[in-house]
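What follows is each chain in one-letter form.
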Amino acid sequence: MERLRAPELEPARAWLGTTRPLRLRELRGHVVVLDFWTSCCVNCMHVLPVLRDLERRYADKPVVVIGVHSAKFPGEAAPERVADAIARHDVAHPVVVDDGLAIWERYAIRSWPTLVVIRPDGTIAAVAPGEPDPAALDTLVRGLLAEGEAHGTLAREPLTIPRGEPPPPRPLAFPGKVAVAGDGRIAVADSGHHRVLVLSADGDVLVTIGSGRRGRRDGALAEARLDDPQGLAWAGDGALWICDARNHTVARADLLNDRLDTVAGTGSMGHVPIASPSPARATALRSPWDLALVGERVLVCLAGSHQLGVLAPAADGGFTVDMLAGDGREALVDGSPRVACFAQPSGFARAGDQVWIADSETSAIRELDLATGDTRTLVGAGLFDWGAEDGPFAAARLQHPLAVAVAADGDLVVADTFNDRLRRLDRRAGRVSTLSLGTAHESLREPGGLAVLASGDLLVADTGNHRLVRLAADGRFKGELEVRGAPPVPAASDEPPPPLAAAPATRWFDLVLEQAPALAPGRVSGRLRLLAPAGWKFNDGAPQRLALEVSRRSDLVTTADRITLSGQDRSDMSVELDLAVAELPTSEVRSELLVRVDAVLCGGDPEVCAPSQAWLRIPLLLTNAGAAAFSVDLALASPV
C-alpha cells in the first residue's frame, strides 16, 4: 500500500503551549501523534491522560504529541478559550488551533476524538477515531521507533520545544460545581486544583478535601487525592457527595470523621454503558459529572456513557449502581428509561419527582419524571443544533449548558456555558429569556456551576474567570465571593506512568474509504465482502465476528452493535449490514461507520489456523437524493 505523506498543520489560527509555530518537516525523524479534539467532548477528555502518560513514558525519545483543536461549538473556538481548556486539562504538549476545521478537512477527520500517528519519514502510519487503547498505542509507537531506527530515519534526540510561562497561582482554578448546605456552608469543586473546598457563607475556607495533587486516594480529607472533581451534593447527615470525574468514581466525604471514601467506581474508566444493577464499587464508570440525592438514593450524571445512573443502598452496607435512563447512545431521544438517549449529561436540578438535566452536547434541558421514568425535552433540538435565541421553548437555543438550578419562584436557571451567560426557563409560560448581565468584570466566562442561596440570589461558579460570583435572581451582578484561607497547591509530583500490558502490534485501520456512499433516509442495506489473503480461507464453522459503531451522527444512523457469522471454507464471504437513517435536519449530513472484523483464517503448508483482525472506516453522506444500498470490499491481512 502506498504511504500517504502527512499534510502540514495549516492554516492555523494560533499555536498554544509553544512560543512558535511548529511544522511537520522540522519534526522529521520523530514519531508524531496528532490528537484531533475539541474541549467540549468528554471522549476527548478521556484521551488526554493516555497521551500524558505516553509523553512521560517517551520523554527522552523522539516522540512528539501535538493537539489539533478543531472546535465543534463557536463558543470554544477562540484561541483564548482553547488556552483555558489546555490549562484546565493539564495539557503539556503544543496545540494548534484549527482555523475553521481546515486542518480537520485536510486529514479527512470525521469524528472527535481521532488520533493520527505519523512515521519518522513523515508518512501516516495510523488513523484511529475514538478513545485509544493505551497498550495498543504504546505498541504502535514502540514499533515505529524501532522501524525508524532500522531504516535510519530516526532523529538522534527529541526536539526541544520552547514553552510559555505558567499562570500565576490563585485561590481557585476552573471551579466546577457548587452546592450550598442548609446552614449556609458552600462547597465548591476547585477542579483545576484537584480538590474540594468547604467555605463559610462569606468565603472563609473551613475544610479542604484533597491534597491538591492529582491522583486517587481515600483517607483523611487533607491527604486524599482527587482528579478533576465536579458534582457535589450535601446529604442530610452532613456528608458531602463528590463526583471525581477523571477518576471515574463517586465518593463520600464524612466531614465529622475526617474521611473520604469511594462509594462507586473502580478508579478505571468503564467501556460499556450501565445496563443492569451491579455492585457499585466493582463497576467501572465513565466520567460522573453531577449528583442529586433522592432519599437514600443518589442520582448520577454519567457524562461519559451518556446516561443517568442511580446508586441505591445494598444489603451488605455498600451500594448498587443501575441505569436510571439512557441506553448509552449519544443522541437526543425522549421516552421511557431504555428508550431515552442523552448526550453528555452534565448537570442536575430537582424539585419533588421532577429532575432536570443539562444535556450539554445536545445543548438541551431535559426533564425526567421519577414517578414514571419518562424523559422529555424542554429546550434543545439535537447534537448539532445550538445558538443563543430567546423565545418559546421550541424555538429557543442554548450552547453547551453545564448546570441547571431551580430558582425560588420555581423557574429554571441554566448556566449556558459556551454563551457565557445565564438563561431563565419560565416553566409556566414555556419561554426562555436571558438574564441581565453586566460587562467587563461583571460578565461571566464559561459558567459551569449554579446554586440558589436561601435569599433567592444565585451563586455561580464563573469557571473561566476562576471565581465565585453572586447574582440577584434577575441576573444583576452583586459581587465576587472572595475565597480566603485556601491552602497553597503543592508542586506537581513527577511519578512514573503506570505500566502497560503487552498488546498486539496491529494496524488500527486497514481500509479507509475515500468516497463516501450517499444514503437516503429509511432502511439501508450494506454489503461487506471480506477477502482472505492469498493462500488462506475462512475457517469452516469458526465464528467470524464484526463489531459496529456509528462514530459520527449516531442520532441519525443506527445499526446492530455486533454480528456473528459461521465461517465458510472459502476465500471470501459476505456480510449484510442493516442500517436505519432518520429524517435529515439539513440537505446533507456527514456520518461515519466503524467496523472491526475478528476472523479465523486457515492456510499454509502444513495448514494452520490463526486469528486475523481488520478495521474499516466507512464515511457516509446522508442525503435525500442518496441510495438505499452500498457495498464495500475489505481485504484481510495475513495472520502470521
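Everything below is about the structure shown above.
Residues numbered from 1 in each chain as written. Predicted model: local features only at pLDDT ≥ 70, side-chain atom pairs only at ≥ 80, totals over all residues. Heavy atoms only, no water.

1. Topic: the overall build of the protein chain
The line we're drawing: Helix and strand labels come from DSSP, where a helix needs a run of H or I of at least four residues and a strand needs a run of E of at least two; each type is numbered from the N terminus. The globule rule used here is 2.2 Å times the number of residues to the 0.38 power, and the radius of gyration it is set against is calculated over C-alpha atoms. Remark: exposure states derive from per-residue accessible area (1.4 Å probe, protein chains only) relative to the maximum for the residue type, with buried under 20%, exposed over 50%, and partly exposed in between. Here, two residues are considered to be in contact whenever any of their heavy atoms come within 4.5 Å of each other. Method for areas: the Shrake-Rupley scheme with a 1.4 Å probe, in which residue coverage is limited to the protein chains shown.
The helix and strand inventory of the protein chain stands at four helices and 43 strands. Taken against the 2.2 N^0.38 rule, which gives 26 Å for 640 residues, the C-alpha radius of gyration of the protein chain at 25 Å falls within 12% of a compact globule. With respect to the principal axes defined by its C-alpha atoms, the protein chain has extents near 80 × 55 × 50 Å. Buried positions account for 57% of the 640 residues belonging to the protein chain. The contacts in the protein chain between residues at least 6 apart in sequence include a share of 60% that link residues at least 24 apart. Total accessible area computed for the protein chain in this model is approximately 25600 Å², and 50% of it derives from carbon and sulfur atoms.

2. Structural notes on helix 4 (residues 134–151)
Note the threshold: By definition here, a helix of n residues has an expected span of 1.5 Å times n minus one.
For helix 4, which comprises 18 residues, the first-to-last C-alpha distance of 26 Å matches the rise-based estimate of 26 Å (1.5 Å per residue) to within 8%. Taken as a whole, helix 4 has its buried residues at Ala135, Ala136, Leu137, Asp138, Thr139, Leu140, Val141, Leu144, Leu145 and Gly148. Residues of helix 4 that are buried in the fold lie against strand 2 (31–37), helix 1 (42–57), strand 3 (63–69), strand 5 (114–118) and strand 6 (124–129). Phi turns positive, to about 75°, at glycine 152, one or two residues after helix 4.

3. Points about the pattern of salt bridges
Definition in use: Salt bridges are identified by distance alone: a Lys or Arg side-chain nitrogen within 4 Å of an Asp or Glu carboxyl oxygen.
Per the counting criterion, the structure on display carries 43 salt bridges. One salt bridge connects lysine 72 with glutamate 361, and the closest N-O pair in it is separated by 3.0 Å. Here lysine 72, found in the loop between strand 3 and helix 2 (79–88), pairs with glutamate 361, found in the loop between strand 21 (354–359) and strand 22 (364–369); they are 289 residues apart in sequence, far enough to count as distant. Residue lysine 72 is classed as buried on the basis of its relative accessible area of 10%. Under the relative-accessibility criterion, glutamate 361 is labelled buried at 5%. Residues aspartate 474 and arginine 476 are paired through a salt bridge, measuring 3.0 Å at the closest nitrogen-oxygen approach. The exposure class of arginine 476 is partly exposed, given its relative accessible area of 48%.

4. Here's the deal with the pairing of strand 11 (residues 229–234)
A regular strand carries its side chains on alternate faces of the sheet. Definition in use: One requirement defines pairing of two strands: DSSP has to find at least two bridges between them.
In terms of burial, strand 11 is largely enclosed, as six of its six residues are buried. In the sheet, strand 11 pairs with strand 12 (residues 240–244) via four bridges, with the strands oriented antiparallel. In the sheet register, alanine 233 faces strand 12, and the bridge partner there is tryptophan 241. Taking the residues that link successive antiparallel strands as the turn, the strand 11-strand 12 hairpin has five residues, and the phi of glycine 238 there is positive, at about 90°.

5. Quick notes on the sheet that holds strand 2
Two modes of strand pairing occur in sheets, parallel and antiparallel, and in both the strands are linked by backbone hydrogen bonds. Selection criterion: Geometry is summarised by axes, namely lines fitted to C-alpha atoms with helices restricted to the contacting stretch, and by angles between N-to-C directions that run from 0 to 180 degrees.
One open sheet accounts for six strands, arranged 1-4-3-2-5-6; its pairing is mixed. Strand pairing shows two members of the sheet lacking a second neighbour, strand 1 (12–16) and strand 6, which therefore form its edges. Put simply, the sheet's adjacent strands are angled 20° from each other on average, direction ignored. Bridge analysis of strand 2 against strand 5 gives five bridges, and the strand direction is antiparallel. Paired with phenylalanine 36 across the bridge in strand 5 is threonine 114. Where helix 2 meets the sheet, its contacts fall on strand 1, strand 2, strand 3 and strand 4 (95–98), and the angle it forms with strand 1 comes to roughly 35°.

6. Details of the side chain of threonine 262
Following the sequence through the fold, threonine 262 ends up in strand 14 (residues 259–264). Overall, threonine 262 belongs to the buried group, its relative accessible area being 7%. Beyond its immediate chain neighbours, meaning those up to four positions away, threonine 262 contacts Arg216, Asp218, Thr249, Val250, Ala251 and Arg281.

7. Section: the packing of aromatic side chains
For any pair of aromatic rings, the description rests on two quantities: the centre-to-centre distance and the angle between the ring planes. Note the threshold: A pair of aromatic rings is counted whenever rings of Phe, Tyr or Trp (Trp by its six-membered ring) have centres within 6.5 Å, and the orientation is called stacked for planes under 30 degrees apart, edge-to-face for over 60 and tilted otherwise. Only when the NZ of Lys or the CZ of Arg is both within 6 Å of the ring centre and within 35 degrees of the ring normal is a charge said to sit over the ring.
Counted according to the given criterion, the structure contains six aromatic pairs. Between the aromatic rings of phenylalanine 36 and tyrosine 107, the centroid separation amounts to 5.5 Å while the plane-to-plane angle is 55°, which identifies the pairing as tilted. Within this pair, whereas phenylalanine 36 is found in strand 2, its partner tyrosine 107 is found in the loop between helix 3 (102–106) and strand 5, the two being separated by 71 residues in sequence. By relative accessible area, which is 8% here, tyrosine 107 ends up buried. What links up through ring pairs into an aromatic cluster is the set Phe73, Phe384, Trp386 and Phe418. Looking at arginine 366, its charged tip hangs above the ring of phenylalanine 342, at a distance of 4.7 Å from the centre.

8. Points about the sheet that holds strand 38 (residues 557–559)
Spatial ordering of the open sheet is given by 38-40-35-43, a layout of four strands whose pairing is mixed. Because the sheet does not close on itself, it has two edges, and the strands there are strand 38 and strand 43 (629–635). Each strand axis lies, on average, 30° off the axis of its neighbour in the sheet, ignoring direction. Both strand 35 (residues 522–531) and strand 40 (residues 572–581) contribute to a ladder of 10 bridges, which runs antiparallel. Of the residues in strand 40, the one forming a bridge with valine 524 is leucine 579.

9. Some details on the environment of histidine 400
Definition in use: Any N or O atom pair separated by 3.5 Å or less is treated as a polar contact, with the protein-specific requirement of one donor-capable and one acceptor-capable atom, and with residues adjacent in sequence counted only for side-chain atom pairs.
Positionally, histidine 400 belongs in the loop between strand 24 (391–392) and strand 25 (403–406). Note on histidine 400: relative accessible area 3%, which makes it buried. Each C-alpha atom, one on histidine 400 and one on arginine 523, is 32 Å from the other, the two residues being 123 residues apart in sequence. Other than its neighbours up to four places away in sequence, histidine 400 contacts Cys40, Phe73, Gln344, Ser360, Glu361, Ser363, Thr417 and Phe418. There is a polar contact of 3.3 Å between the side chain of histidine 400 and the backbone oxygen of serine 360. Reaching out from histidine 400, the side chain makes a polar contact with the side chain of glutamate 361 at a distance of 3.3 Å.

10. A look at the side chain of histidine 466
Within the fold, histidine 466 resides in the loop between strand 30 (458–462) and strand 31 (467–471). We classify histidine 466 as buried; its relative accessible area is 17%. One polar contact links histidine 466 to arginine 170, side chain to side chain, over a distance of 3.5 Å. Setting aside residues up to four positions removed in sequence, histidine 466 forms contacts with Arg170, Leu172, Ala173, Phe174 and Pro175.

11. Some words on the pairing of strand 12
Of all five residues in strand 12, five are buried, a share of seventy percent or more. The two faces of strand 12 match: Leu240, Ile242 and Asp244 on one face and Trp241 and Cys243 on the other face are all buried. The sheet contact formed by strand 12 and strand 13 (residues 249–254) spans five bridges and is antiparallel. The residue of strand 13 that forms the bridge with aspartate 244 is threonine 249. Once strand 12 ends, the chain turns through four residues before running back antiparallel as strand 13, passing histidine 248 with a positive phi of about 60°.

12. A look at the environment of alanine 451
Summarising the element assignment, alanine 451 is placed in strand 29 (residues 449–452). Beyond its immediate sequence surroundings of up to four residues, alanine 451 is in contact with Val178, Val180, Asp457, Leu458 and Leu459.

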